[in-house]
Amino acid sequence: MKNMKNEEKKEIEQVKEPDKTEITGKECGKQAFEVDRRSVYKCVQCGTCRSVCPVFDVVGWESANTRGRMLIIKSLIEGRSPSEDVLSSLASCTTCGICASKCPAGANPPEVVEAARTQLVKCGITTGAQDKLKSGVLTHGNSFGETKSRKHWLSKSELSKLPEKSDYVYFVGCFDSYRYPEFARKTFGVLQRFGVTLLPDEQCCASPLLRTGFREDAEKVMERNLEQIRKVGAHTIITSCAGCYTTLKNNYPEELRVISLPEFLAEHLEQLNLKKLDLVVTYHDPCHLGRHNKVYDAPRKVIQAISTLKEMKNIKENARCCGGGGGVRIGYPDISLELAKNRLQDVPEGVDYIVTSCPLCVRNLRDAGGDIEVIDIVELVAMAME
Amino acid sequence: MDITAELKKIVGGRLSVSPSELYCYSSDASQVKGMPDYVVRPKSTDEVSRIVRLAYENEIPVTARGAGTGLAGGAVPVGGGIVLDMSGMNRILEIDIDNIQVVVEPGIIQDALNSALKPYGFFFPPNPGSSAMCTIGGMIAYNASGMRCVKYGTTRNYVRDLEVVLADGTVIHTGSKMLKSAAGYDLTQLIIGSEGTLGIVTKASLKIAPLPKTRKLVIASFENAEIAGQAVVKTFSNGVIPSACEILDRVSLQVLKRYDPNLVLPAEGDVLLFEVDGTESSAREAAEQIMKVCAPLTLSIRLAESEHEMADIWAARKLVGAAVSRLDPTKTRIYVGEDVGVPIKQIPELLKRAQEISEKFNLPAMKYGHIGDGNLHLALFIDVLNKDDWDRLNRAADLIHRTAIELGGTVSSEHGVGAARAEYMEAQWGPALEVMRAIKKVLDPKGILNPGKLGL
């Protein structure tokens, strides 16, 4: 038997993994790869995460599951030089957090992956998709690189009536501003009666930057939003996007009170005078609202107040990811859509709508092409207000 | 020969030589490491056969891998070469209830198989703690078992027939759907537990068992693990065969409580979990008998209140081994010396010695395991950033292995030998190891199948 260690290495190194992602950057050299070792060494490689990682379910390679990612990160902190080779593993995590919820050792892989992405960014190792995201946010204040006004969905008269000071700010987010302005309009319509205002020059919450490793750039963007929040004098920020919610709640200063739209609606159900709809709906838990922040009951309370809820096969902490987060939709659209298709398999029979409370989830689940219409919770509430 | 090109011809894009990918296949859950040169994910017996033939002709090592949950480095390619990731061959080919068996590909996950069998009222009994992720192929290769082994036996007791790719690529069947056969050597039993050193399993016919009508769980606590061991011996000698009989020492209990604070577990002592199954009346009778027999030795004893409580306790028990960091975030459980077994009568002695070893090397430890079949999982945990901890850990593991052999036991009850325990095979088997080596030589003359394992 031959020892393979020194044989054919040259030609092996020339073979590149098939990867549709456009990649930029170069090898990092000898720069230390700074990720908290204790967080990484918590992983005992038992493989529990392998059974739940939604990306692995679609891709099938070990590098595409959490254990593989933790191993790769371990190799980097132990001295392996980071290179573009690691991107298809580390950039394909949706940070859905189901691995963390199942990990017997209590590891938090999404945090570790985000920290590793930050180190890769420092080394200049990024995908083209990441760079595009960053450029859009830094140049135009939104993740799509849109140039039109963020408040284009408001009429001139509505704009002129926006209070300069308020206890409540509705943080609209990039998605509702540019992709689902009808959600923004409906949300604003519901919240207006409580005296909410908008930030004069809202910027992206910085979630796309944080999730994909651009921590330093994210700090600057967050500061711009913070300045405005302080100026408005708001004590509470309301948002209808799960990505914005987790970022505002967990990455912005702690003194900020951040509340998701479903939580706000659940708190104010009586004041909303909602009528009961003759509808059966199911609810998809967005990862960054549910698993990351444990907001499970509020959306269900709202839904059950106005319709009949029939749960999906996997719910709450076991809910499967739609594939829309962590930069995966933009970086690996095919994988992202497969995840959404898998999630649609969990939809029960006999429902009129799939309701969720995150525009990223709405888009991905819609694009997966199921028979049942996917709507945001604000649309259901709007129906009950008609 | 351009091996990469040849492999591509066989599996197309299901080949990787990316350094990061290879790294992910360079370890399992043990401390054994070894970089492969190629990873392939075959989809059929024909592909496996062609890959192995290619490897045979070019004398390249081939290591089969399921989910990589092994604890002995069995799936780690210590000699480099090709890793066959079999987890993509995961179909259930036939559920044959009339013959009480099922035909599967090796990559099927244990829990997935049982989910598919449940509507028929049947199950595949061997259930390792890793049942949510381990593959049937891996279970066959390492003769895995788990918590219900005490009544239902190990994987070995459930395999009727295997399709195996031999070292030169030849495909054979080792058995049939028959319940019994008196014709020739039992090659099925030879392949089971051979850790991929004699052939690659590509299909398996498995016997299945009817699901019991009910299960009951007795939770008993004892002053110390030795007394718990005596209670086990006493239970068995009174003619009760539980469907599971697990020990959790007080450290394991603390970890479990951290893992799931809602669990209602005894406040003190070392705990035994006795599960009995059968009809409502037979299970109740068995549970009552256990309670009666054990009561004089216990600090507390009770019956679990509901199926829900039982399910929660078993779910937590399954994952306790990896959960030690919940108790102390600076400590990590390292899987060495974790799978020894002794004859049931020697259990109290093994528990005593394990405690002494833990104290001697000043290593915190959890003791848990399938005490009903003599299998103790000693979980030693260390600060992985401390070199001295590693040294003491390895010395303690060595001593626990030698203790098990001295007590007439085994260095591995269900996790396998792999590379991690290869050095103890001589001491455990003596001249019988030469017979194993002779068999290996005949079936794998070029030594390409999972080299460096089993002490061969």
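What counts and how
Residues numbered from 1 in each chain as written. Chains lettered and ligands numbered in written order. Predicted model: local features only at pLDDT ≥ 70, side-chain atom pairs only at ≥ 80, totals over all residues. Heavy atoms only, no water. Phe/Tyr/Trp six-rings, centres within 6.5 Å; stacked < 30°, edge-to-face > 60°. Helix = DSSP H or I, 4+ residues; strand = E, 2+ residues; numbered from the N terminus. Buried < 20%, exposed > 50% of the residue type's maximum accessible area, 1.4 Å probe, protein only. Domains from an automatic or database assignment. Contact = heavy atoms within 4.5 Å. Buried area = accessible area lost by both parts, 1.4 Å probe. Salt bridge = Lys/Arg side-chain N within 4 Å of Asp/Glu carboxyl O. Polar contact = N/O pair within 3.5 Å; in protein donor to acceptor, adjacent residues only side chain to side chain. Nonpolar A, V, L, I, M, F, W, Y, C, P; charged D, E, K, R; others polar. Expected span 1.5 Å × (residues − 1).

1. A word on the packing of aromatic side chains
In step 1: Summed over all chains, the structure comprises eight aromatic pairs over all chains.
In step 2: Plain terms: the ring middles of phenylalanine 194 of chain A and phenylalanine 264 of chain A are 5.1 Å apart, the flat faces sit at 85 degrees to each other, and that makes the pair edge-to-face. With phenylalanine 194 of chain A in the loop between helix H11 (181–192) and helix H12 (207–211) and phenylalanine 264 of chain A in helix H15 (residues 261–267), this pair connects stretches of sequence that are 70 residues apart. Of the two residues examined, phenylalanine 194 of chain A and phenylalanine 264 of chain A, each falls in the buried class.
In step 3: A ring pair is formed by phenylalanine 123 of chain B and tyrosine 152 of chain B, whose centres lie 5.5 Å apart and whose planes are at 80 degrees; its orientation type is edge-to-face. Note that phenylalanine 123 of chain B is positioned in strand E7 (residues 122–123) and tyrosine 152 of chain B in helix H6 (residues 149–152), a separation of 29 residues in sequence. Just as phenylalanine 123 of chain B is buried, tyrosine 152 of chain B falls in that class too.

2. Topic: the domain arrangement of chain A
Quite often, the size of an interface is put as the accessible area lost when its parts meet.
Residue and element names in this part refer to chain A.
In step 1: Segmenting chain A into domains produces domain 1 (21–124), domain 2 (138–266) and domain 3 (271–385).
In step 2: Placing the centre of domain 2 and that of domain 3 at their C-alpha centroids yields a distance of 21 Å.
In step 3: Listed by partner, the interface residues are 25 residues for domain 2 and 28 residues for domain 3.
In step 4: Regarding the contact of domain 2 and domain 3, the summed buried area is about 2300 Å², with carbon and sulfur atoms giving 75% of it.
In step 5: Looking at the side of domain 2 facing domain 3, the largest losses of area belong to Phe175, Phe183 and Pro262, adding up to 22% of the total buried there.
In step 6: For lysine 186, the salt bridge goes to glutamate 379, with nearest N and O atoms at 3.9 Å.
In step 7: The tally of links between domain 2 and domain 3 comes to three residue pairs in polar contact (both at pLDDT 80 or more).
In step 8: Every element with two or more residues in the side of domain 2 that touches domain 3 is listed here: helix H10 (174–179), H11, helix H14 (242–250) and H15.
In step 9: The residue makeup of the side of domain 2 that touches domain 3, split by class, is 13 nonpolar, six polar and six charged.

3. Here we look at helix H13 (residues 215–232) of chain A
Residue and element names in this part refer to chain A.
In step 1: Under the 1.5 Å per step criterion, the end-to-end length of H13 is 26 Å for 18 residues, consistent within 8% with the ideal 26 Å.
In step 2: For H13, the full list of buried residues reads Asp217, Ala218, Val221, Met222, Asn225, Leu226, Gln228, Ile229 and Val232.
In step 3: Where H13 is buried, its residues touch helix H8 (128–140), strand E3 (168–171), H12 and strand E4 (236–239).
In step 4: Backbone geometry just after H13 places glycine 233 at a positive phi near 80 degrees.

4. Some words on the domain arrangement of chain B
All names here are of chain B.
In step 1: Along its sequence, chain B is carved into domain 1 (3–87), domain 2 (90–210) and domain 3 (214–406).
In step 2: Taking only C-alpha atoms into account, the centre of domain 1 sits 22 Å from that of domain 2.
In step 3: Opposite the 17 residues of domain 1 that make contact, domain 2 presents 20 residues.
In step 4: Here domain 1 meets domain 2 over a buried area of about 1300 Å², counting both sides, of which 65% is carbon and sulfur.
In step 5: Contact with domain 2 buries surface across domain 1, with Thr45, Thr69 and Met86 losing the most and accounting together for 32% of the total.
In step 6: The tally of links from domain 1 across to domain 2 stands at zero salt bridges.
In step 7: Of all the secondary-structure elements, those providing two or more residues to the side of domain 1 that touches domain 2 are helix H3 (45–58) and strand E3 (62–65).
In step 8: Considering every element that reaches the side of domain 1 that touches domain 2, the biggest residue donor is H3, with six residues.
In step 9: Of the residues that constitute the side of domain 1 that touches domain 2, the class distribution is nine nonpolar, six polar and two charged.

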